[in-house]
Amino acid sequence: MSARRYEIRLRPLKAADLDRVVELERELFGRGAWTYGMLADELAGLGRWYVVAEPVRLYAAGPQPVVGYAGLWFDGDVTQVMTLGVDPAFQHQGVGSTLLEALIDRSRDLGASAVLLEVRVDNDPALALYAKYGFEQLGIRKRYYQPEDVDAFTMRLELGATTTPDGPDTPDYGTASETGVVA
């Protein structure tokens, strides 16, 4: 796969997307993947917000494939990243960054004070992505990921200041074409 970066359109995750998301879950997370029922229950939960990413391809007929998805939960104080996944064929092309930026923006819109998440200690690409956006490691949850028995780092991003990959307090997120998000 070339390093070509596609423009990405985000939209709300719909029930019709669940089969594709389950397929990506299995490919990305193996035995620890969420099932169709788990995803459906998650989407029905209070305070949840989920989006999917589709590539924007000119002259392509019909709906575009879901190449990424992400979601969060807002408890009234902080948001918790519940999941973020990108099709391996579209990784390292800005899809994960686009999804994470959407979660952070939504957290700010909700008035959350911080964004929390757990990430596998051996998931170097995800750790690099979260560090790029200013997430800090708080601690370790032993054997958090089951059935693989893998530890997780807990991470937090304070939302008091605007944070982008360019550094803290950088208010300009760029245009839609620069960030890969198309409204």
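Check the entry above for the structure.
Here's a quick rundown of the structure. Predicted, not measured: the structure shown is a model, and the values here were computed from it.

## Thoughts on the layout of surface pockets
Alright, step 1. Each pocket or cavity is described by its volume, and for the largest pocket that value is around 1,100 Å³.
Alright, step 2. In terms of lining residues, the largest pocket is bounded by 34 residues, among which Phe29, Leu84, Asn123, Ala126 and Tyr130 are the most central.
Alright, step 3. Contributing elements (two or more residues each) for the lining of the largest pocket: helix 1 (18–29), strand 4 (79–86), helix 3 (95–110), strand 5 (114–120), helix 4 (124–132) and strand 6 (136–145).
Alright, step 4. If you tally residues by element for the lining of the largest pocket, the top one is strand 4, at 7 residues.
Alright, step 5. Of the residues that constitute the lining of the largest pocket, the class distribution is 17 nonpolar, 12 polar and 5 charged.

## A short note on the packing of aromatic side chains
Alright, step 1. The tally for this structure, following the rule as stated, stands at 2 aromatic pairs.
Alright, step 2. An angle of 85° between the planes, with centres 5.0 Å apart, marks the rings of Tyr144 and Tyr145 as edge-to-face.
Alright, step 3. Given the relative accessible area of 37%, Tyr144 is considered partly exposed.

## Digging into the packing of helix 1 against helix 2 (residues 36–44)
Alright, step 1. Relative to each other, helix 1 and helix 2 sit at 120°, their axes nearing to 10 Å. Taken together, the axes of helix 1 and helix 2 lie oblique to each other. Crossing hand, helix 1 versus helix 2: right-handed. The segment helix 1 lies against helix 2, with Leu18, Asp19, Val21, Val22 and Glu25 engaging Tyr36, Leu39, Ala40 and Leu43.

## What about the pattern of salt bridges?
Alright, step 1. Following the criterion strictly, the structure yields 11 salt bridges and no others.
Alright, step 2. Across the pair Asp149 and Arg143 runs a salt bridge whose closest N-O atoms are separated by 2.6 Å.
Alright, step 3. Under the relative-accessibility criterion, Arg143 is labelled exposed at 53%.
Alright, step 4. Among the charged side chains, a salt-bridge network with shared partners connects Arg9, Arg11, Asp17 and Glu54.

## Side note on the environment of Ala40
Alright, step 1. Its place among the elements puts Ala40 in helix 2.
Alright, step 2. In sequence terms Ala40 and Lys14 are 26 residues apart; their C-alpha atoms lie 10.0 Å from each other.

## Quick notes on the side chain of Gln80
Alright, step 1. In this fold, Gln80 is placed in strand 4.
Alright, step 2. The exposure class of Gln80 is buried, given its relative accessible area of 13%.
Alright, step 3. In this structure the side chain of Gln80 is engaged in a polar contact, spanning 2.8 Å, whose partner is the side chain of Glu118.
Alright, step 4. Setting aside residues up to four positions removed in sequence, Gln80 forms contacts with Gly71, Leu72, Trp73, Leu116, Leu117 and Glu118.

The rules we used
Residues numbered from 1 in each chain as written. Predicted model: local features only at pLDDT ≥ 70, side-chain atom pairs only at ≥ 80, totals over all residues. Heavy atoms only, no water. 1 Å grid on protein atoms, 1.4 Å probe; cavity = no way out; pocket = protein on both sides within 12 Å on 5 of 7 lines; lining within 4 Å. Points joined across faces, edges and corners; volume = space filled by probe spheres on them. Helix = DSSP H or I, 4+ residues; strand = E, 2+ residues; numbered from the N terminus. Nonpolar A, V, L, I, M, F, W, Y, C, P; charged D, E, K, R; others polar. Phe/Tyr/Trp six-rings, centres within 6.5 Å; stacked < 30°, edge-to-face > 60°. Buried < 20%, exposed > 50% of the residue type's maximum accessible area, 1.4 Å probe, protein only. Axes fitted to C-alpha atoms, helices over the stretch in contact; angles between N-to-C directions. Parallel < 35°, antiparallel > 145°, perpendicular 65-115°, else oblique. Left-handed = near helix turned anticlockwise from the far one by under 90°. Contact = heavy atoms within 4.5 Å. Salt bridge = Lys/Arg side-chain N within 4 Å of Asp/Glu carboxyl O. Polar contact = N/O pair within 3.5 Å; in protein donor to acceptor, adjacent residues only side chain to side chain.

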